[in-house]
Number of protein chains: 2
Amino acid sequence: MTEQPGRRERKKAATRQKIADTALRLFAERGYDAVGIREVAAEADVAVTTLFSHFSSKEALVFEQDEDFEQRLVRAVTDRPSHEALVPALRREIHAMVRHCTADGAAPLWRMIEESPALRQYEESMRQRHAQSLATAIAADLDLPQPTPTCSAIARFVVDAFSVAREADAPQTAVDQIFRMIEAAWAVTGATPPTRKSVAV
Amino acid sequence: MTEQPGRRERKKAATRQKIADTALRLFAERGYDAVGIREVAAEADVAVTTLFSHFSSKEALVFEQDEDFEQRLVRAVTDRPSHEALVPALRREIHAMVRHCTADGAAPLWRMIEESPALRQYEESMRQRHAQSLATAIAADLDLPQPTPTCSAIARFVVDAFSVAREADAPQTAVDQIFRMIEAAWAVTGATPPTRKSVAV
DNA sequence: TCTAAAAAGCTAACCGTTAGTGTTACGGTC
DNA sequence: GACCGTAACACTAACGGTTAGCTTTTTAGA
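About the criteria used
Residues numbered from 1 in each chain as written. Chains lettered and ligands numbered in written order. Predicted model: local features only at pLDDT ≥ 70, side-chain atom pairs only at ≥ 80, totals over all residues. Heavy atoms only, no water. Near = heavy atom within 4 Å. Polar contact = N/O pair within 3.5 Å; in protein donor to acceptor, adjacent residues only side chain to side chain. 1 Å grid on protein atoms, 1.4 Å probe; cavity = no way out; pocket = protein on both sides within 12 Å on 5 of 7 lines; lining within 4 Å. Points joined across faces, edges and corners; volume = space filled by probe spheres on them. Helix = DSSP H or I, 4+ residues; strand = E, 2+ residues; numbered from the N terminus. Nonpolar A, V, L, I, M, F, W, Y, C, P; charged D, E, K, R; others polar. Least-squares fit on C-alpha atoms with pLDDT ≥ 70 in both. Contact = heavy atoms within 4.5 Å.

**Student:** An account of the protein's contact with DNA strand C is requested, with residue identities and associated values reported.
**Tutor:** Within the structure, DNA strand C sits among 23 residues, and R7(A), K11(A), K58(A), A47(B) and T50(B) are positioned closest to it. Within 4 Å of the protein, atoms of DNA strand C come from sugar and phosphate in 60% of cases. Contact between DNA strand C and R8(A): a phosphate oxygen at 3.0 Å from a main-chain N or O atom of the residue.

Shown next as structure tokens:
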């Protein structure tokens, strides 16, 4: 896939990184709302159109790890050890993601996000996309061609667990509490915990 | 509360209604993206600033029932018969809301929403607000000063039930399926079904 | 009738985003 | 090594949602 990047792709990645770094630095210095796109572009020494060819919106500059999150969720399902059940695998992953986001260095970034309505809104719709991908992965794990409402619901519950726990006073404890609920919800669908390929309507 | 509206408030409400009606008509006729705010204002014979004093954004024109939804959820908790448990009350309300949204007349509106990324995004963040209000109501019902992660999670599950069911092939069936999961999730928190005032950590 | 305040209006801009159109730099091929 | 197709980047100018600043109209209440 990405064996030998080549000069071209290296330059592209460098440009992208430079834009993201510049943006986060300016946002941290003077606030998200107070910094305009034209400023970010100028400071990163690129054209505005270039910025938008790397990032689909101003908010996307802040959520650079967007696709990482999405793929981590999906892989938690597809790449888990074959003996492991679905929900515990997702619980492990959410634990890790919450730990990552509540680490000391990440705090100011998430505070900025919480303070900006635009960023909060973007994050919500991002999570919604993630939930859809996860639902598809869960459906595939059950040999279903497409997600049933049950799959979609569980996927959303998992993503909700992340959002709620991240804002809780005791994030890790919250993850465990919510996953006890998810485990119970999952059990009631008819899928047996340790084995795969059960039916979920 | 709203006993004698008075001329002033009646006129204000009329202006608001005229704007909303005009907007929905134009959107239906030519598509959401193809109609600009300035057009809506002109057709409704008001100034753009007046439009924005009634609606906080272009998307808000489409989700006029925003506050209705929010209050219905909250009241499903606070105004339920005292013998009824929390989750069944919410199930009834979600059933009614889904029925309302999937009625024949409402179909074109929701198709328009599904086709516009901006509207979908707005809807998601709206639901998130509703979930927060619901979480607060649930917490109050349990005599908690503020929502615990458990309350927030259940509130989100309920709102998710609406979103998932609305897009499902068999909406009403989907509501029942998802609420079986929510019931199980709720049972595991330690709150006993028929009585109130149990503990949820 | 007079007044204070709410509601509506107008103008002009701000800012994110995109279309249209070049220009440069790179990768694969002869 | 020169060549060509294409991906990356740049520039200009605009579009469309949104808001600030300020004026005018309308209404409730004294």
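There is more to say, and it comes next.
**Student:** Go over the protein's contact with DNA strand D, please, and point to the residues and values.
**Tutor:** Not every one of the 23 residues close to DNA strand D is listed here, only the nearest: T15(A), T50(A), H54(A), K11(B) and K58(B). Atoms of DNA strand D within 4 Å of the protein: sugar and phosphate make up 61%, bases the balance. Residue K11(B) places a side-chain N or O atom 2.5 Å away from a phosphate oxygen belonging to DNA strand D. Interatomic distance of 2.9 Å between a backbone N/O atom of I37(B) and a phosphate oxygen of DNA strand D.

**Student:** An account of empty space enclosed by the protein is needed here, citing residue identities and associated values.
**Tutor:** Considering all chains together, one arrives at 6 cavities of 30 Å³ or more under this definition. Considered as a void within the structure, the largest cavity measures approximately 180 Å³ in volume. Listed by contribution, the elements that provide at least two residues to the lining of the largest cavity are α7 (117-141) and α8 (149-167) of chain A together with α8 (117-141) and α9 (149-167) of chain B. Of the residues in the lining of the largest cavity, the class split is 4 nonpolar, 4 polar and 8 charged.

**Student:** Could you give an account of the relation of the copies chain B and chain A, with specific residues and numbers?
**Tutor:** Screw-axis analysis of chain B against chain A gives a translation of 0.0 Å along the axis, an RMSD of 0.1 Å, and a rotation angle of 180°. A rotation of that kind, with that shift, is consistent with a two-fold axis. Interface residue correspondence from chain B to chain A reaches 100%, placing this contact among same-surface, isologous pairings.

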